[in-house]
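# Per-entry structural report
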Amino acid sequence: MNITLLAKKGGVGKSTVSILLYEAFRQAGKSVIIRDWDAQGTSSKALELILGKGFSQPAKADIVIFDTPPSLQHTATATAVRDANIVLVVTSPSPADIWEADEAVIFAQAKNGSAAVRVIFNKVRKATVLGRLVEESAKQVSAPALTVTLSARECYQHAVAQGWKALDSAARQEVLQLIVALLSQK
């Protein structure tokens, strides 16, 4: 299964979500690789920290995660979307990010009509106005939002350097619920 993470802009947490999915699938006993096509190379750097320098990813795996550049015009973005079974558009609850997410959804739907295109809200603070309005905000996007959101948790930032062991039990539960919600989209 190919999962492409997509965002028109940077800063919404696409690489962090890539690493969280990678780690959750590994915990679930799946073979998984990340194809980091973002010029910043955040996912690749994270894997080096988590798995050690010199690690090598297998050529094939049960799950392939594509971490794309924050641009809808980049060739790698279009290629990853065309190859995807699931396109996961990453956004925060910020109105400006949601507008950009809808453009990413429309792009994905145009490039790959057979992929399940879904939205994941990341960096959600449920006690804030924006956090309480996620369900309403999701109606502004042309694809269904996953029912699971990712909270704004400091441990998710640490997971980029330390992997699964950086997550507390609530964060682990949230990420595992995310992969269950994601897999039900096939």
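About the cut-offs
Residues numbered from 1 in each chain as written. Predicted model: local features only at pLDDT ≥ 70, side-chain atom pairs only at ≥ 80, totals over all residues. Heavy atoms only, no water. Helix = DSSP H or I, 4+ residues; strand = E, 2+ residues; numbered from the N terminus. Rg over C-alpha atoms; globule rule 2.2 N^0.38 Å. Buried < 20%, exposed > 50% of the residue type's maximum accessible area, 1.4 Å probe, protein only. Contact = heavy atoms within 4.5 Å. Areas by Shrake-Rupley, 256 points an atom, 1.4 Å probe, with all protein chains shown as cover. Pairing = 2+ DSSP bridges. Axes fitted to C-alpha atoms, helices over the stretch in contact; angles between N-to-C directions. Core = buried A, V, L, I, M, F, W, Y, C linked by side-chain atoms within 4.5 Å.

## Re the overall build of the protein chain
A tally of helices and strands in the protein chain yields 8 helices and 5 strands. Mapped in sequence order, the helices and strands of the protein chain form the string β-α-β-α-β-α-β-α-β-α-α-α-α. For the protein chain, whose C-alpha radius of gyration is 15 Å, the value lies close to the compact-globule estimate of 16 Å for 186 residues. Seen through its C-alpha atoms, the protein chain measures out along the principal axes to roughly 45 × 35 × 30 Å. Across the 186 residues that make up the protein chain, the buried fraction comes to 51%. Within the protein chain, contacts between residues at least 6 apart in sequence are counted, and of these 77% link residues at least 24 apart. Here the protein chain has roughly 8600 Å² of accessible surface; of this, 50% comes from carbon and sulfur atoms.

## Focus on the sheet that holds strand 3 (residues 63-67)
Hydrogen bonding along the main chain pairs the strands of a sheet, whether they run parallel or antiparallel. Here 5 strands make up an open sheet; going across it, the order is 2-3-1-4-5 and the pairing parallel. Since the sheet does not close on itself, it has two edges, and those belong to strand 2 (32-36) and strand 5 (116-121), each with one partner. Along the sheet, successive strands turn relative to each other by an average axial angle of 20°, direction set aside. Judged from the 4 bridges that link them, strand 1 (residues 2-6) and strand 3 form a sheet pairing that is parallel. Along strand 3, the bridge assignment pairs L5 with D67.

## Considerations on the nonpolar core
A general trend in soluble globular proteins is that nonpolar side chains are found buried together. Core analysis: the biggest nonpolar cluster contains 39 residues, and L5, L21, F25, I65, Y156, L167 and V175 have the highest contact counts within it. Once residues lying within four places of it in the same chain are set aside, the contact partners of L167 are L20, C155, Y156, A159, R172 and V175. Core analysis: the second largest hydrophobic core is formed by 22 residues, L6, L72, A78 and V141 among them.

## So, the environment of A7
Locating A7 in the fold gives a position in the loop between strand 1 and helix 1 (14-27). Relative accessible area serves as the criterion here: at 3%, A7 is assigned to the buried category. With 96 residues separating them along the chain, A7 and E103 place their C-alpha atoms 9.0 Å apart. Once residues lying within four places of it in the same chain are set aside, the contact partners of A7 are V12, K14, P69, P70, S71 and V90.

These figures capture arrangement, not role.
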